[in-house]
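Overview (structure and organization)
So the chains spell out like this:
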Amino acid sequence: FIATLPVQQLNGSRGIQDIDLSLAGGHNRDGSQPIHRWANATIGEVLNSNTSVQRLKLNPGSLADGGTILNHIHRARKSSLRTLDLTGIGLGDRGGVMFFETLLDGKCKFLSALHLGDNQLTDLAVGQLLVEFMLDPTCNIATLDLTANMLGAPVITQSIKHNKSLTALDITGN
């Protein structure tokens, strides 16, 4: 079992703006099983032609699996997707490093909102990468949700001090 994917939503045939695949993995009783990496690759490819989607919420898995999701989502760069919600997937230090390194490599510049709350992100692991990403002149993130992580005031301050794109930041619970 890889995942249950709503193909008509993903390819844009239904005109859906908000797609929630956070429970698409489906093995656990509450549906919280992460989506298999092959399904993640399919999602990015199918979304590429979607001109209605604005927001995608998914659970690609924790740690390294979650950290590599941007490589798959980057395939959707021609779509109308602007918001990626990975709240509570358990990125942790390892996945967080991979995630921000991928952003720094120039992937997913089409995204303007990231929801990364409740992912055990720490200053030590992702702090400098977060600062570098947010200070990058090509960064166009307007909304950033970092709620319930372990990021301190110095990292947050340095991240936003000279950023030109951010209009909304949620750091509740850090």
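One can find the structure itself at the top, above this paragraph.
Worth saying up front: this structure is predicted, and the values here are computed from it rather than measured.

The next point concerns the overall build of the protein. When helices and strands are counted, the protein shows 7 helices and 6 strands. Counted from the first residue to the last, the protein has its helices and strands arranged as α-β-α-β-α-α-β-α-β-α-β-α-β. Over its C-alpha trace the protein gives a radius of gyration of 15 Å, about what one expects of a compact globule, namely 16 Å for 174 residues. Here the C-alpha coordinates of the protein stretch approximately 45 × 35 × 25 Å along the principal axes. A buried classification covers 47% of the 174 residues belonging to the protein. For the protein, the computed accessible surface area is about 8,200 Å², with 51% contributed by carbon and sulfur atoms. Distance between charge centroids for the protein: 8 Å, based on 14 positive and 15 negative side chains.

Pairing is parallel in the open sheet, where 6 strands are placed in the order β1-β2-β3-β4-β5-β6. Single-partner strands in this sheet number two, and they are β1 (18-21) and β6 (168-170). Neighbour to neighbour, the strand axes of the sheet diverge by 5 degrees on average, direction disregarded. Note that strand β2 (residues 55-58) and strand β3 (residues 83-85) share 3 bridges and pair parallel. When the bridges of β3 are listed, Lys57 appears paired with Asp85.

Before going further, it helps to examine empty space enclosed by the protein. If you roll a probe as big as a water molecule over the atoms, it shows you where there is empty space left. A full pass over the atoms with the stated rule returns 1 cavity of 30 Å³ or more. Contributing to the lining of the largest cavity are Leu103, Lys107, Cys108, Lys109, Leu111, Leu114, Phe133, Thr138, Cys139, Asn140 and Ile141. The class makeup of the residues in the lining of the largest cavity is 7 nonpolar, 2 polar and 2 charged.

Here Met98 shows up in helix α5 (residues 92-104). For Met98, a relative accessible area of 26% translates into the label partly exposed.

Nonpolar side chains collect at one region of the surface, where Ile160, Leu169 and Ile171 lie side by side and expose about 200 Å² of accessible area between them. Summarising the element assignment, Leu169 is placed in strand β6.

About the thresholds
Residues numbered from 1 in each chain as written. Predicted model: local features only at pLDDT ≥ 70, side-chain atom pairs only at ≥ 80, totals over all residues. Heavy atoms only, no water. Helix = DSSP H or I, 4+ residues; strand = E, 2+ residues; numbered from the N terminus. Rg over C-alpha atoms; globule rule 2.2 N^0.38 Å. Buried < 20%, exposed > 50% of the residue type's maximum accessible area, 1.4 Å probe, protein only. Areas by Shrake-Rupley, 256 points an atom, 1.4 Å probe, with all protein chains shown as cover. Lys, Arg positive; Asp, Glu negative; His and termini not counted. Charge placed at Lys NZ, Arg CZ, Asp CG, Glu CD. Pairing = 2+ DSSP bridges. Axes fitted to C-alpha atoms, helices over the stretch in contact; angles between N-to-C directions. 1 Å grid on protein atoms, 1.4 Å probe; cavity = no way out; pocket = protein on both sides within 12 Å on 5 of 7 lines; lining within 4 Å. Points joined across faces, edges and corners; volume = space filled by probe spheres on them. Nonpolar A, V, L, I, M, F, W, Y, C, P; charged D, E, K, R; others polar. Patch = residues over 30% accessible without salt bridge, like charges linked within 9 Å, V, L, I, M, F, W, Y side chains within 5 Å. Salt bridge = Lys/Arg side-chain N within 4 Å of Asp/Glu carboxyl O.

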